[in-house]
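Fold and geometry: a report
If you want the building blocks of each chain, they are given just below.
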Amino acid sequence: MPNNNIRLIIEENIPFVKGLLDDYATIRYMAPGDIDAKAVRDADGLMIRTRTECTEELLRRSDVKMIATATIGTDHIDTDYCRRNSITVANAPGCNAPAVAQYVFATILNVINRPMQDYTIGIVGVGHVGEIVARWAEAFDMKVLRCDPPRQRAEGGDIWCDIDTIARRADIITFHVPLTHDGDDATYHMADAAFFDKLRRMPVIINSARGAIIDTPALIEAKRAGKTGPLVIDCWEGEPAINTELLALTSIASPHIAGYSREGKIRASQIALDALTTFFMMPRVTVDAPLPPAPAKAVSKQGILDSYDPMPESDALKASPADFETIRNSYRLRNEAPEGLDIF
């Protein structure tokens, strides 16, 4: 019998978890749009994704003590409010990093017209995702520029550069930063008009991080002025109500699914389950799927191309941008790129 003293809401689109906690708590599986202040009032804990905005308005009259998000980021959660009100927040850092790297290279291979070793890639944000992108890029014999001021300050060394250097020297610029609004390293609109004015090589621009790290009107103006090359956009300001003018200018567009691999979802769901069961002192349960192996250390071009084609969802989104959420929620989870190495 469930422990009726523990009441949990689980977002219904989180895969591999349904039924696993039903013996230990009273569970409600809900669509993100239905998780409102009334619904959470008597909930002790939430398991969510990015579509559930955990604001003060949602939480202030609730019994919520713990939020587990099956995502890398926490910008959909008011963490300051949670901290002030003793609400524990747990996320899943790195869970889908190999999938996002797979997306980056699959899209690159779709938009470039020279051998990969001819390109310089600038990576803005060298965390879980950025590290994999850098490692795979070096295996492809690409020139890699790394920009990560917090890591540069903490670790030192000569492998780092600033974002202006990336603007001047990179043929491909890919962003892998969290969305933050405050402090010296705030990332909100870090790619603004001033940044685009510094571009020198008409680079490919890839955003598979968060929509608001790029100033959308500034990107549109830069593209129309010929300052950028192909645009690859997975994360959008204002999604799911995305900017259709930007959509029309993209070479590849997708509905925030860069990290949507089967392995990534398994990792995220397990991390979220572990956080909830630990917090509420329930028995540990494992997801309803085999746990994935470690991410590939290197991949081959053919392995990338065989594992993922970004064009079907790009075509679908361009044909019907109003169906952003439908395409996203019905996306068939892909497998991550296998281990491999190109021989030059």
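Residue indices follow the written sequence of each chain, beginning from 1 at its first position. Since the coordinates come from a predicted model, pLDDT governs what is reported: local features require at least 70, and pairs of side-chain atoms require 80 or more to be given and counted, while whole-chain, interface and lining totals use all residues. Each side-chain value is worked out from all heavy atoms of the structure, with water and hydrogens disregarded.

1. Description of the pattern of salt bridges
Salt bridges are defined by distance alone: a side-chain nitrogen of Lys or Arg within 4 Å of a carboxyl oxygen of Asp or Glu. Inspection of the entire model under this criterion finds 19 salt bridges. Its salt-bridge partner being Arg28, residue Asp42 comes within 3.2 Å of it at the nearest N-O pair. On the criterion of sequence distance, the pair formed by Asp42 in the loop between helix H1 (37-40) and strand S3 (45-48) and Arg28 in strand S2 (residues 26-30) is long-range, its members being 14 residues apart. The cut-offs for exposure are 20% and 50% of the maximum accessible area for each residue type, with area from a 1.4 Å probe on protein chains only; residues under the lower value are buried, those over the upper are exposed, and the others partly exposed. Looking at Asp42, the relative accessible area reads 37%, which means it is partly exposed. One salt bridge connects Arg51 with Glu325, and the closest N-O pair in it is separated by 2.9 Å. Here Arg51 is found in the loop between S3 and helix H2 (56-59), whereas its partner Glu325 is found in helix H14 (residues 324-329), with 274 residues between them in sequence. Look at Arg51 and you get buried, because its relative accessible area is 19%. In this structure, a network of salt bridges that share partners links the residues Arg7, Asp44, Asp63 and Lys65. In DSSP terms, a helix is any run of H or I states spanning at least four residues, a strand is any run of E spanning at least two, and both are numbered starting from the N terminus.

2. A closer look at empty space enclosed by the protein
Buriedness of a pocket was judged along seven lines, with at least five required to meet protein on both sides within 12 Å; pockets are open sets of points on a 1 Å grid over the protein atoms alone, cavities are sets where a 1.4 Å probe fits but cannot get out, and lining residues have an atom within 4 Å of a point. Grid points are joined across faces, edges and corners, and a volume is the space filled by probe spheres set on the points. Going through the model one piece at a time under the given rule, you end up with 1 cavity of 30 Å³ or more. Approximately 40 Å³ is the volume attributed to the largest cavity. Lining the largest cavity are Asn207, Gly211, Ile214, Thr216, Leu219, Ile233, Cys235, Trp236, Glu237 and Leu246. When residue character is reported, Ala, Val, Leu, Ile, Met, Phe, Trp, Tyr, Cys and Pro are called nonpolar, Asp, Glu, Lys and Arg charged, and the others, Gly included, polar. Grouping the constituent residues of the lining of the largest cavity by class yields 6 nonpolar, 3 polar and 1 charged.

3. A few points about a positive patch on the surface
Here a patch means residues that are over 30% exposed by relative accessible area and free of salt bridges, tied together within 9 Å if like-charged and within 5 Å if nonpolar (Val, Leu, Ile, Met, Phe, Trp, Tyr). Computed with a 1.4 Å probe, the accessible areas rest on the Shrake-Rupley method; for each residue, only the protein chains presented here act as cover. Counted as positive: Lys and Arg. Counted as negative: Asp and Glu, with His and the chain ends omitted from the count. Charge positions are represented by NZ for Lys, CZ for Arg, CG for Asp and CD for Glu. A cluster of basic residues, Lys38, Arg41, Arg60 and Arg61, forms a positive patch at the surface. Looking at Arg41, the relative accessible area reads 45%, which means it is partly exposed.

4. Description of the pairing of S3
Both faces of S3 are covered, namely the face carrying Gly45 and Met47 and the face carrying Leu46 and Ile48. Taken together, the 3 bridges between strand S1 (residues 7-11) and S3 define a ladder with parallel strand orientation. Each bridged residue has a counterpart across the sheet, and for Ile9 the counterpart in S3 is Leu46. Two strands qualify as a pair provided DSSP detects at least 2 bridges between them. Sheet analysis places S3 next to strand S4 (residues 66-69), joined by 4 bridges and oriented parallel. Along S4, the bridge assignment pairs Ile48 with Thr69.

5. Examining the sheet that holds strand S9 (residues 204-207)
In space, the 6 strands of this open sheet follow the order S7-S6-S8-S9-S10-S11, with parallel pairing throughout. Each edge of the open sheet carries a strand with a single partner, namely strand S7 (143-147) and strand S11 (252-253). By the bridge criterion, 4 bridges tie strand S8 (residues 172-175) to S9 in an arrangement that is parallel. Across the sheet, residue Ile173 finds its bridge partner in S9, namely Ile205.

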